Amino acid sequence: MEILFRLLSKARKGDSINGFQVKGRILPLFSKYKVIHFNRTDARLANNDLSLDLQKLRCRVNFQALKFTPQIEALGHKLVHILQEKGPFIALHLRYEMDMLAFSGCTHGCTQEEAEELKRMRCMHILGGERKRVSEGRRLQGLCPLTPEEVGLVMQALGFDKGMQIYIASSEIHGSERRLVALRAAFPKIVKKEMLLGPEELQQFQNHSSQMAALDFMISISSNIFIPTYDGNMAKLVEGHRRYLGFRKSIRLDRKKLVELLDLHQNGTISWSEFEASVRQAHHKRMGQPTHRRVIPDKHKEEDYFYANPQECLCERANCDDLLGPGNPKTLR
């Protein structure tokens, strides 16, 4: 492990690790230990310019080989079965949680007291200029999670039926039930895992946020429609997994455009019918359809992650233009 640490440290400084080092020094470690945990590699692995065989191997690992513990798998399947028995359902990844709001510097929809609390929380954990993010400016750039009230209006504009089941895939919503009143009025069949299972069934997972998130992940994969309200690793991985399973419908909300439309509607500039038409127009190509992964040379952290759109695994040939569309640009420069 010490050899591996030195090699990875070398790579972090910008030096490359050649094939000889991988085969001669890292491969024997895999052979000996069978499993080696690479920490913090989710966003640091190459997305592009790898062989087709390697990319397809990544898909088999990500979307077929990796499993949760038997306890998580069993309870996750039970939750999915309960929901499916009642009909189609939407998994709404509602990221309006205290830690997310504090991290993103977003306070839209909060009381003055709540905004101050989030500011204090942010200052405790974030250093330097990042403490001073301006909430409204970030919201207008589409960098804030949509509020539950905003999500309700958007979902109505997208034409979802009032009787549709909505599963909230998240931890505690900031403001609790008070902030879900408008969303629940629009869609009364809102459920959370705590409403579907007894406390004794969830007890072993309480105080383990990643295990509770694993249950949400399993439900999100299996839902009829998946709607994330903010970008994040889980949202991207669910989107990619759903593509891999046959382009299951996932609606990627254009938050920047939606904030503009929401403000125009709420200040009376545009009518409900104009708002509805504009929301639908903005999202008709953001429903999880086949699309090329964005490649941004020299800005790999800004390009699309492989696991969010594993296009190499979605068709048989190396050239997927027939599926993805030849007019769909792949590279941004």
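Predicted model only: the values in this text are computed from it and were never measured. (Residues numbered from 1 in each chain as written. Predicted model: local features only at pLDDT ≥ 70, side-chain atom pairs only at ≥ 80, totals over all residues. Heavy atoms only, no water.)

Trainee: How should the overall build of the protein be read in this particular structure?
Mentor: A tally of regular secondary structure across the protein gives 16 helices and four strands. The 333 residues of the protein split such that 41% are buried. Here the protein has roughly 18,800 Å² of accessible surface; of this, 54% comes from carbon and sulfur atoms. (Helix = DSSP H or I, 4+ residues; strand = E, 2+ residues; numbered from the N terminus. Buried < 20%, exposed > 50% of the residue type's maximum accessible area, 1.4 Å probe, protein only. Areas by Shrake-Rupley, 256 points an atom, 1.4 Å probe, with all protein chains shown as cover.)

Trainee: Explanation requested: the state of the cysteines in the structure shown.
Mentor: One way to say it: the disulfide is the covalent bond shared by the sulfur atoms of two cysteines. In total, this model carries two disulfides according to the counting rule given. Two residues share a disulfide in this structure: C59 and C313, whose sulfurs sit 2.0 Å from each other. Every disulfide takes its handedness from the sign of the S-S torsion; for C59 and C313 that torsion is 95 degrees, giving right-handed. With C59 in helix α3 (residues 52-65) and C313 in the loop between α15 (272-283) and α16 (321-324), this pair connects stretches of sequence that are 254 residues apart. (Disulfide = S-S within 2.5 Å.)

Trainee: Honestly, the sheet that holds strand β3 (residues 190-191) in this entry has me stumped. Any pointers?
Mentor: Two modes of strand pairing occur in sheets, parallel and antiparallel, and in both the strands are linked by backbone hydrogen bonds. The sheet built from four strands is open, its strands ordered β3-β2-β1-β4 with parallel pairing. The sheet terminates laterally at β3 and β4 (225-228), the two strands that pair on one side only. The pairing of strand β2 (residues 165-168) with β3 spans two bridges and is parallel. Along β3, the bridge assignment pairs I166 with I190. The sheet strands contacting helix α12 (residues 209-222) are β1 (89-93), β2 and β4, and the helix crosses β1 at an angle near 135 degrees. (Pairing = 2+ DSSP bridges. Contact = heavy atoms within 4.5 Å. Axes fitted to C-alpha atoms, helices over the stretch in contact; angles between N-to-C directions.)

Trainee: Looking at this structure, I do not really get the pairing of β2. What am I missing?
Mentor: Taken residue by residue, a regular strand's side chains alternate between the two faces of the sheet. Taking every second residue as pointing to the same face, both faces of β2 are buried, with Q165 and Y167 on one and I166 and I168 on the other. Note that β1 and β2 share four bridges and pair parallel. Along β2, the bridge assignment pairs I90 with I166.

Trainee: Just to check I follow, could you spell out the environment of L153 for this structure?
Mentor: Examined against the element boundaries, L153 turns out to sit in helix α8 (residues 148-157). Distance in space between the C-alpha atoms of L153 and E276 is 9.1 Å, their sequence separation being 123 residues.

Trainee: Got a minute to help me understand the side chain of H93 in this structure?
Mentor: As for its placement among the helices and strands, H93 is situated in strand β1. Sequence-distant contacts of H93, defined by excluding residues within four places in its chain, comprise A169, F226, I227, P228, T229, M234 and A235.

Trainee: Where do I start with the packing of aromatic side chains in this structure?
Mentor: For any pair of aromatic rings, the description rests on two quantities: the centre-to-centre distance and the angle between the ring planes. Summed over the entire model, instances satisfying the criterion amount to four aromatic pairs. Relative to F217, the ring of F68 has its centre 5.9 Å away and its plane inclined at 75 degrees; by these criteria the two rings are edge-to-face. Of the two residues, F68 is situated in the loop between α3 and α4 (70-85) and F217 in helix α12; the sequence distance between them amounts to 149 residues. Take F68: its relative accessible area is 32%, and that puts it in the partly exposed class. With a relative accessible area of 13%, F217 lands in the buried category. In this arrangement the basic side chain of R58 is found over the ring face of F306, its NZ or CZ atom lying 4.4 Å from the centre. (Phe/Tyr/Trp six-rings, centres within 6.5 Å; stacked < 30°, edge-to-face > 60°. Lys NZ or Arg CZ within 6 Å of the ring centre and 35° of its normal.)

Trainee: I would appreciate a short explanation of α3 in the present structure.
Mentor: Within an α-helix, residues lying three or four positions from one another point in the same direction, as the helix has 3.6 residues per turn. Taking 1.5 Å per residue as the helical rise, α3 with its 14 residues ought to reach 20 Å, and the 18 Å between its terminal C-alpha atoms agrees with that figure. Buried residues of α3: Q55, R58, C59 and F63, and no others. Along the axis of α3, the buried positions cluster into a sector of 100 degrees, meaning they face one direction only. Of the residues in α3, the exposed ones pointing more than 90 degrees away from the buried face are D53 and A65. (Expected span 1.5 Å × (residues − 1). Arc of directions from axis to C-beta.)

Trainee: How do you make sense of the pairing of β1 when you look at a structure like this?
Mentor: Most of β1 sits out of view: five of its five residues are buried. As paired strands, β1 and β4 are joined by four bridges and run parallel to one another. Bridge pairing links L92 to I227 in β4.

Trainee: What exactly am I supposed to notice about the nonpolar core here?
Mentor: Across soluble globular proteins, you tend to see nonpolar side chains buried next to one another. Counting 38 residues, the largest nonpolar core has L92, M155, F160, I166 and I227 as its most contacted members. Among the secondary structure elements, those contributing two or more residues to this core are β1, α5 (98-104), α8, β2, α9 (181-186), β4, α14 (255-266) and α15. Discounting residues that sit within four places of it in the chain, I227 has contacts with I90, A91, L92, H93, M155, F160, I251 and L253. Counting residues in hydrophobic clusters, the runner-up holds 19 residues, among them L79, I82, L83 and A214. (Core = buried A, V, L, I, M, F, W, Y, C linked by side-chain atoms within 4.5 Å.)

Trainee: Help me out: how do you make sense of the environment of K119 in this one?
Mentor: Among the structural elements, K119 can be located in helix α6 (residues 112-125). Remark: the alpha-carbon pair of K119 and T107, spanning twelve residues in sequence, is separated by 8.8 Å.

Trainee: Whenever I open this one, a nonpolar patch on the surface confuses me. Can you help?
Mentor: A surface patch of nonpolar side chains, amounting to about 400 Å² of accessible area, comprises L50, L54, L57, V61 and L66. For L50, the location among the structural elements is in the loop between α2 (19-33) and α3. (Patch = residues over 30% accessible without salt bridge, like charges linked within 9 Å, V, L, I, M, F, W, Y side chains within 5 Å. Salt bridge = Lys/Arg side-chain N within 4 Å of Asp/Glu carboxyl O.)

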